[in-house]
Amino acid sequence: MSTTMASAPERRVLILGGTAEARALAALIADQPALAVVSSLAGRVADPRLPVGEVRIGGFGGAAGLTRWLTEHHIDAMVDATHPYATRMRTAAVDAATTAGVAHLRLERPGWTAQQGDRWHRVPNVDAAVRMLPTLGRRVLLTTGRQSIAAFLPLSGLWILARVVDAPADPIPAHVQLLRSRGPYTLSGELDLMRTHRIDVLVTKDSGGPLTEAKLAAARHLGLPVLMIDRPAPLASSTVVTTVEEAMRWLSGVPVQPG
Ligand code: NAP
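Residues numbered from 1 in each chain as written. Predicted model: local features only at pLDDT ≥ 70, side-chain atom pairs only at ≥ 80, totals over all residues. Heavy atoms only, no water.

Colleague: Would you mind going over the packing of helix α1 (residues 20–30) against helix α8 (residues 244–252) with me for this structure?
Modeller: For any two helices packed against each other, the geometry is given by the interaxial angle and the distance between the axes. Viewed as axis vectors pointing N to C, α1 and α8 meet at an angle of 45°, and their least axial separation amounts to 10 Å. As judged from the angle between their axes, α1 and α8 are oblique. Judged by the twist between their axes, the crossing of α1 over α8 is right-handed. Contacts between α1 and α8 involve Glu21, Ala24, Leu25, Leu28 and Ile29 from the former and Val244, Ala247, Met248 and Leu251 from the latter. Partitioned by chemical class, the residues of the contact of α1 with α8 number eight nonpolar, no polar and one charged. (Axes fitted to C-alpha atoms, helices over the stretch in contact; angles between N-to-C directions. Helix = DSSP H or I, 4+ residues; strand = E, 2+ residues; numbered from the N terminus. Parallel < 35°, antiparallel > 145°, perpendicular 65-115°, else oblique. Left-handed = near helix turned anticlockwise from the far one by under 90°. Contact = heavy atoms within 4.5 Å. Nonpolar A, V, L, I, M, F, W, Y, C, P; charged D, E, K, R; others polar.)

Now the structure itself:
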């Protein structure tokens, strides 16, 4: 007599992405027969780096839209691996997971740590950075992303090299030059960029991770001040891990939703 072993039901995972960690997690899940993954991107970037596996692109329509989406797609677990500064999505994810009864995890890479020789000035937000910037330098490398450029445009006494993946829709004044590029970056490349443009101050978010940290080493090497915009405060309600390996361990303990 032959017997057939019933295989464990598949668990469906939604990854809220747009980060290297989200892509790495999708690649790990793709190797697990017991897990099925859908990655979600906001659609902000014209030519995004796509993760392995199924991908959907575009907003959900707030927490209510995400709640509906989770239910309709029978999602068992949601890993919010969005960027540390994507605060609206992060809040909506917690709310939707609670309402839909879906297991929720926040995957967030650690921020950077200052080293000897660094001249970092930490500020709590973009507005505080705009206020402090004129006291630190005159020729700025601005690396905080397209969405925050508008806040720096009134600083017409400064020359600003704004590095972005995609150009902003609005016109850019003469004291701002756009540099369209996407990491990862190297120390020699960053040194070259800062020297060529005679940069005397760097503005950055505390994004963390290795792909864009060469600018910090370059600033240290050149003795430049760095204006570091702090991360938004974490949500107390989230379970947070910092590595994809921890996220995989968490996923292995998530039960399949009934129905
Ligand atoms: P945000 O302000 O928190 O989100 C704005 C809206 O965009 C959300 O309300 C949601 O629209 C939609 N959205 C955001 N992330 C989404 C995702 N992964 N899938 C589907 N919809 C998403 O976010 P943001 O700062 O604009 O970031 C947008 C995306 O870029 C995120 O995926 C993030 O990981 C990535 N990113 C952001 C930064 C940064 O500095 N903020 C840097 C690198 C990458 P609905 O309300 O319609 O659902």
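Colleague: Got a minute to help me understand the packing of helix α2 (residues 62–72) against helix α3 (residues 87–100) in this structure?
Modeller: Two elements in contact, α2 and α3, have axes whose closest approach is 8 Å; the angle formed by their N-to-C orientations is 50°. Relative to α3, the element α2 is oriented oblique. For α2 against α3, the interelement crossing comes out right-handed. For the pair α2 and α3, contact is made by Gly62, Ala63, Leu66, Thr67, Leu70 and Thr71 and by Met89, Ala92, Ala93, Asp95, Ala96, Ala97, Thr99 and Ala100, respectively.

Colleague: Mind showing me how you'd approach the sheet that holds strand β9 (residues 176–180) here?
Modeller: What holds strands together in a sheet is hydrogen bonding between their backbones, with the strands either parallel or antiparallel. On the basis of which strands lie adjacent, the open sheet formed by six strands has the order β6-β11-β10-β7-β8-β9 and parallel pairing. Edge positions in the open sheet fall to β6 (119–123) and β9, since each of these has one partner strand only. Strand-to-strand, the axes of this sheet are offset by a mean angle of 20°, without reference to chain direction. Packing against the sheet, helix α7 (residues 214–222) makes contact with β6, β8 (159–164), β10 (201–205) and β11 (225–229), and its axis sits at approximately 155° to β10. (Pairing = 2+ DSSP bridges.)

Colleague: When you look at the nonpolar core in this model, what are you seeing that I'm missing?
Modeller: Buried together is how nonpolar side chains tend to be arranged in soluble globular proteins. Among the nonpolar cores identified, the biggest contains 21 residues, and Leu133, Val140, Leu142, Phe152, Ile160, Val203 and Leu227 are the most heavily contacted of them. Listing elements by their share of this core, those giving two or more residues are α4 (126–132), β7 (139–142), α5 (149–152), β8, β10 and β11. Those residues in contact with Ile160, other than ones at most four positions away along the chain, are Val140, Leu142, Phe152, His175, Val176 and Gln177. Formed by 19 residues, the second largest nonpolar core is a distinct cluster that contains Leu35, Val79, Ala81 and Met248. (Core = buried A, V, L, I, M, F, W, Y, C linked by side-chain atoms within 4.5 Å. Buried < 20%, exposed > 50% of the residue type's maximum accessible area, 1.4 Å probe, protein only.)

Colleague: It is not clear to me how the sheet that holds strand β3 (residues 54–57) should be interpreted in this structure. Could you clarify?
Modeller: Sheet architecture is open: six strands sit in the order β3-β2-β1-β4-β5-β12, paired in parallel fashion. With partners counted over all chains shown, the strands left at the sheet margins are β3 and β12 (240–241), one partner each. Here four bridges tie strand β4 (residues 77–80) to strand β5 (residues 103–107), and the two strands are oriented parallel to one another. Bridging across to β5, Asp80 finds its partner in Arg106. In this fold α8 packs onto β1 (11–16), β2 (35–41), β4, β5 and β12, with an angle of close to 170° to the strand it touches most, β5.

Colleague: Explain the pairing of β10 to me, please; I cannot follow it from the model alone.
Modeller: Within a regular beta strand, the side chains point alternately toward one face of the sheet and then the other, so they alternate between its two faces. Most of β10 sits inside the fold, with five of its five residues counted as buried. Burial along β10 is two-sided: the face carrying Val201, Val203 and Lys205 and the face carrying Leu202 and Thr204 are both buried. Examined bridge by bridge, β7 and β10 share three bridges and lie parallel to one another. When the bridges of β10 are listed, Val140 appears paired with Val201. In terms of strand pairing, β10 meets β11 through four bridges, oriented parallel. Opposite Val203, over in β11, you have Leu227 as the bridge partner.

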